[in-house]
Amino acid sequence: MANNNQSVHGIWRNRWIFILAATGSAVGLGNIWKFPYITGEHGGGAFVLMYLACIALVGIPVMVAEVAMGRRGRQSPINTMISLISEAKAGPAWKAIGWMGALAGFLILSFYSVIAGWALSYVLKLAAGTFVGADQALAGDQFSDMLGDPSGLMMWHTIFMVLTAGVIMRGVNKGIESAIQVLMPLLFVLLLVLIGYAAKNGNFAEAVHFMFDADFSKLSAESVLVALGHAFFTLSLGMGAIMAYGAYMPRQASIGTTVFAIAGLDTLVALLAGLAIFPIVFANGLEPSAGPGLLFVSLPLAFGNMAGGQFFGALFFILVTFAAWSSAISLIEPATAWAVERFKTSRVKATIGIAFIIWFLGIGTVFSFNDWSDYVFFAKTPDGIELFAVMSELKAMYPTAVDTLKGLTFFDLLDFITANIMLPLGGLLIALFVGFGMKYHHVYNEMQVKTPLFFNIWYVVLRFITPIAIGIVFIQGLLPECSFDSELLDADSGVCSNAPYLQPRLIGGVIIAIVYVGIIVKSLKKPARGLAE
Ligand code: TRP
């Protein structure tokens, strides 16, 4: 262990700063941009309910575990894992948590920065009065024009990456803390103003009905996976970001209450964003399932028709940019801290190298929305799934089934793999490592337990409920099936078009169950756990 009380990268001045920084990481495009549009795509209420359940049963327990690991290790996630593994005398395979996390951070930030670039470009559009008196057509055209111009997207993506690298270079205390303190509260206030507008001028009742009345027939197994993935994404979990911030947390602060505050604020912001956006969507006859453009079409429409909208609109997108900024720095911090430790180099050099790689990856996302939008991965066709295809060719091949063809662009693929696979997998490993890999008394000590009852509840949930929940959602969500997803059922023949998938799903389930029982049995054989050891 490097140093039990302090990390070489700095320390938060007090517990409040940790809450601010972690909330700054959690609250971002995930809440304001992604949550509303995936809620729209997955049918509303039932999806929101699954998302809330995932936050409570999986997100919060894993967040507590991540903070505790970070504070115990006091280094970058990769080296923290190495120390914790040797402390616990656990197997080297657990190192995957650190490495996979750093990779996930790279991949996520590469597209995150492009979307944050959209928000930056909207600051100018709104300030210039582009949307004054706008109707739906104009708002839609503005958005598609922006997507159709790769050089513009590239420019904003570059600016955002430079901003992010700028904060990271200055280090944890000076850079991260000062940026967040003012902006978070301001964002909150502006969201409330927007809701006030939406309540007065939008279709608020319809929005509340859509977001909170659960209709489970709309919920597919894949939707549940997306809800789980989003719980990780929105709380910044599963890749070491929160672990890296936990490393800078003062030793005496209580982890449990801190985590509740962060998760509560994050969830609140997401729900508020939904309540600001959906009334406008319904009042203007927009499609809730419009996808990634939902925020960028609905809100400019509202600002364009609101008194002072030019000013408030520009301000809103400035705040969205800042929320994205404070999240982006947490995506790059784990890799930067590691590079500083590993190469004994300066923060500035480490940041420049890493930011460049991420910027370069981001070019793929820039082109996903224009020149490469026709190239798709995992295309669903009537004849099965194709790993890679050209959408326009598929449409020509299946003229009668055009509406059922689906595929993932490069951006969709990155989003899917990171949020729905890498983060939950990272979370699963974190839960198992803290639950079964680390020594009980180390975990207990790190948690600064004041109320043993709360500790025990958390420990049981983390060991048994969280891993099983993630496992089940994985198995159900990754392998299409008929009972959840009626689309796959052929109405005429009543045959499930994915019957061949049922078998691998069962086999996968059995394997996971065996491995899981194996881990539990093995851990039970360890010498008695106790505080005295
Ligand atoms: N939570 C942020 C958001 O909702 C994004 C984010 C920041 C993130 N750091 C992360 C997501 C680490 C996953 C992992 O916008």
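Basis of the calculations
- Residues numbered from 1 in each chain as written.
- Predicted model: local features only at pLDDT ≥ 70, side-chain atom pairs only at ≥ 80, totals over all residues.
- Heavy atoms only, no water.
- UniProt positions renumbered as here; feature names shortened; annotations may be inferred.
- Pairing = 2+ DSSP bridges.
- Helix = DSSP H or I, 4+ residues; strand = E, 2+ residues; numbered from the N terminus.
- Near = heavy atom within 4 Å.
- Polar contact = N/O pair within 3.5 Å; in protein donor to acceptor, adjacent residues only side chain to side chain.
- Areas by Shrake-Rupley, 256 points an atom, 1.4 Å probe, with all protein chains shown as cover.
- Nonpolar A, V, L, I, M, F, W, Y, C, P; charged D, E, K, R; others polar.
- Patch = residues over 30% accessible without salt bridge, like charges linked within 9 Å, V, L, I, M, F, W, Y side chains within 5 Å.
- Salt bridge = Lys/Arg side-chain N within 4 Å of Asp/Glu carboxyl O.
- Lys, Arg positive; Asp, Glu negative; His and termini not counted.
- Charge placed at Lys NZ, Arg CZ, Asp CG, Glu CD.
- Buried < 20%, exposed > 50% of the residue type's maximum accessible area, 1.4 Å probe, protein only.
- Axes fitted to C-alpha atoms, helices over the stretch in contact; angles between N-to-C directions.
- Contact = heavy atoms within 4.5 Å.
- Core = buried A, V, L, I, M, F, W, Y, C linked by side-chain atoms within 4.5 Å.
- Phe/Tyr/Trp six-rings, centres within 6.5 Å; stacked < 30°, edge-to-face > 60°.
- Lys NZ or Arg CZ within 6 Å of the ring centre and 35° of its normal.
- Left-handed = near helix turned anticlockwise from the far one by under 90°.
- Parallel < 35°, antiparallel > 145°, perpendicular 65-115°, else oblique.

The chain goes by Transporter in an unreviewed UniProt entry, where it is assigned to Litoribacillus peritrichatus. In its Sequence similarities (unreviewed entry) section, the UniProt entry covering the chain states "Belongs to the sodium:neurotransmitter symporter (SNF) (TC 2.A.22) family."

## Quick word on the pairing of strand 2 (residues 384-390)
Where strand 1 (residues 375-381) lies against strand 2, 6 bridges are found, and the strand directions are antiparallel. Note on strand 2: the bridge partner recorded for Tyr375 is Val390. Between strand 1 and strand 2, which pair antiparallel and follow one another directly, the connecting turn spans 2 residues.

## Some details on the site of the ligand
Surrounding the ligand, one finds 17 residues, the nearest of these being Ala26, Gly30, Tyr112, Phe233 and Ser330. Leu29 is positioned with one of its backbone polar atoms (N or O) 3.1 Å from an oxygen atom of the ligand. In this structure, Asn31 approaches the ligand through a side-chain N or O atom, which is 3.4 Å from an oxygen atom. Contact with the protein chains covers 100% of the free accessible surface of the ligand, which is 370 Å². Elements that contribute at least two residues to the shell around the ligand include exactly helix 1 (15-26), helix 2 (29-41), helix 5 (96-127), helix 10 (221-234) and helix 14 (309-343). Split into classes, the residues belonging to the shell around the ligand amount to 9 nonpolar, 8 polar and no charged.

## Some points on a negative patch on the surface
A cluster of like negative charges, contributed by Asp135, Asp141, Asp145 and Asp149, occupies part of the molecular surface. For Asp149, a relative accessible area of 34% puts it in the partly exposed group.

## A closer look at unusual backbone geometry
Phi is positive for Lys89, which is not a glycine, with a value near 55°. Tracing the chain through its elements places Lys89 in the loop between helix 4 (77-88) and helix 5. Of note in this structure, Ser236 is not a glycine but carries a positive phi near 60°. With respect to the element layout, Ser236 can be found in the loop between helix 10 and helix 11 (241-246).

## A short note on the sheet that holds strand 1
On the basis of which strands lie adjacent, the open sheet formed by 3 strands has the order 2-1-3 and antiparallel pairing. Among the strands making up the open sheet, the edge pair consists of strand 2 and strand 3 (406-408). Strand-to-strand twist across the sheet, computed as the mean angle between neighbouring axes with direction ignored, equals 30°. Here helix 17 (residues 410-437) sits on the sheet and contacts strand 1 and strand 3; the angle it forms with strand 3, its principal contact strand, is near 75°.

## A look at the environment of Ile472
Mapped onto the secondary structure, Ile472 falls in helix 19 (residues 452-478). For the pair Ile472 and Leu225, spaced 247 residues apart in the sequence, the C-alpha separation amounts to 9.5 Å.

## Points about the nonpolar core
Trp118, Phe316, Phe317 and Trp458 are the most contacted members of the largest nonpolar core, which totals 171 residues. Looking at which element gives the most residues to this core, the answer is helix 5, with 19 residues. Sequence-distant contacts of Phe316, defined by excluding residues within four places in its chain, comprise Ile32, Leu190, Leu191, Leu194, Leu295, Leu299 and Phe303. Listed in part, the 8 residues of the second largest apolar core include Ala379, Ala389, Met391 and Leu394.

## Examining the environment of Gly407
Tracing the chain through its elements places Gly407 in strand 3. For the pair Gly407 and Phe378, spaced 29 residues apart in sequence, the C-alpha separation works out to 5.6 Å. Ignoring any residue separated from it by four or fewer positions in sequence, one finds Gly407 in contact with Val376, Phe377, Phe378, Ala379, Met391 and Asp412.

## Here's the deal with the packing of aromatic side chains
The description of an aromatic ring pair uses the distance of the two centres, along with the angle that the planes make with each other. Taken as a whole and assessed by the stated rule, the structure comprises 36 aromatic pairs. Seen in terms of ring centroids, Trp118 and Phe143 are 5.3 Å apart; in terms of plane orientation they differ by 80°. Their pairing is edge-to-face. Within this pair, whereas Trp118 is found in helix 5, its partner Phe143 is found in helix 6 (residues 136-147), the two being separated by 25 residues in sequence. According to the relative accessible area criterion, Phe143 is buried, its value standing at 9%. Ring plane angle 75° and centroid distance 4.8 Å describe the contact between Tyr444 and Phe455, whose orientation is recorded as edge-to-face. Remark: Phe455 occurs in helix 19 and Tyr444 occurs in helix 18 (residues 440-446); sequence separation between them is 11 residues. Classification of Tyr444 by relative accessible area gives buried; the value is 19%. The ring of Phe233 carries Lys34 above its face, with NZ or CZ at 4.4 Å from the centroid.

## Concerning the packing of helix 2 against helix 12 (residues 255-283)
Where helix 2 meets helix 12, the closest approach of the two axes is 9 Å, and the angle between their N-to-C directions is 65°. The handedness of the crossing between helix 2 and helix 12 comes out as right-handed. The segment helix 2 lies against helix 12, with Asn31, Ile32, Phe35, Pro36, Thr39 and Gly40 engaging Asp266, Val269, Ala270, Leu271, Ala273, Gly274, Ile277 and Phe278. In terms of residue class, the contact of helix 2 with helix 12 is made up of 9 nonpolar, 4 polar and 1 charged.

## So, the packing of helix 4 against helix 5
Packed helices, taken two at a time, are described by their axes: the angle between them and the distance between them. Where helix 4 contacts helix 5, the two axes come as close as 8 Å, and the packing angle between them is 175°. Accordingly, the angle class assigned to the pair helix 4 and helix 5 is roughly antiparallel. For the pair helix 4 and helix 5, contact is made by Pro77, Ile78 and Met81 and by Ile97, Gly98, Trp99 and Ala102, respectively. Its residues assigned to classes, the contact of helix 4 with helix 5 shows 6 nonpolar, 1 polar and no charged.

## Quick look at the side chain of Ser368
Within the secondary structure, Ser368 sits in helix 15 (residues 347-368). In this structure Ser368 comes out as buried when scored by relative accessible area, which is 3%. One polar contact links the side chain of Ser368 to the main-chain amide nitrogen of Phe411, over a distance of 3.0 Å.

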